[in-house]
Amino acid sequence: MLYLVLGLLLFLGTHSVRIVADDWRTRTRTKLGTSSWRALYTLVSLLGFGLIVWGFGQARQSPWLLWSPPPALRHLAMLLTLLSFVLLAAAYVPGNRIKARLHHPMMAAVKLWALAHLLTNGTLAHVMLFGTFLLWSVFAFLAARKRDIRDDTPYSQGSTGATGVTVALGVALWIAFTLWLHGLLIGIRPFG
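Remember, predicted model here, so these are calculated numbers, not experimental data. (Residues numbered from 1 in each chain as written. Predicted model: local features only at pLDDT ≥ 70, side-chain atom pairs only at ≥ 80, totals over all residues. Heavy atoms only, no water.)

Peer 1: It is not clear to me how the overall build of the protein should be interpreted in this structure. Could you clarify?
Peer 2: Counting its regular elements, the protein contains 9 helices and 0 strands. Put simply, the protein runs from its N terminus to its C terminus through helices and strands in the order α-α-α-α-α-α-α-α-α. Over its C-alpha atoms the protein spans a radius of gyration of 18 Å, differing by no more than 12% from the 16 Å that the globule rule assigns to 192 residues. Principal axes of the C-alpha set define a box for the protein whose edges measure 45 × 40 × 25 Å. The burial tally for the protein puts 38% of its 192 residues in the buried class. Taking the intrachain contacts of the protein between residues at least 6 apart in sequence as the baseline, contacts between residues at least 24 apart amount to 75%. For the protein, the exposed area adds up to about 11600 Å²; of that, 70% sits on carbon and sulfur atoms. Where the 17 positive side-chain charges of the protein centre and where its 5 negative ones centre are 12 Å apart. (Helix = DSSP H or I, 4+ residues; strand = E, 2+ residues; numbered from the N terminus. Rg over C-alpha atoms; globule rule 2.2 N^0.38 Å. Buried < 20%, exposed > 50% of the residue type's maximum accessible area, 1.4 Å probe, protein only. Contact = heavy atoms within 4.5 Å. Areas by Shrake-Rupley, 256 points an atom, 1.4 Å probe, with all protein chains shown as cover. Lys, Arg positive; Asp, Glu negative; His and termini not counted. Charge placed at Lys NZ, Arg CZ, Asp CG, Glu CD.)

This is the structure we're talking about:
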């Protein structure tokens, strides 16, 4: 559990600098230079991610059950993860209406992903991992929206074509991940 906690602190800590210390981030990025800042950010994030993967894998070996989720919640979790993949695609497909409306679909995707996994997993390791990501995504979304208001950030209206591509890509990614990649990478088949 120690590696999981340390990994979460490093990974989400680096991703929280803009939430809690945006001015410091700007000054430090200017002082170090954009390339050096990105390299340091990436290095710490990858170290944190590696520790999360290792720590979570270790914690799953001896699970501490907090509650047994009802099997019916798996259907809700499937729907939430489907929506999460569409939102994830919306973060990257330019000119879509989902991003135009939400402004930060990646944060919304993380919220739904984390919530879906909290609904269907009752071990301490799952609660630590997904609960922490859920809390982080809420604060990150609020901070990003505050910056948008402060900076009067413009967003395009988006187009129907780009939105269609976004939805199709999100659904395709969800199918691929749910049917094959989740089992291959995580060792659990959601439909199995």
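So, next bit.
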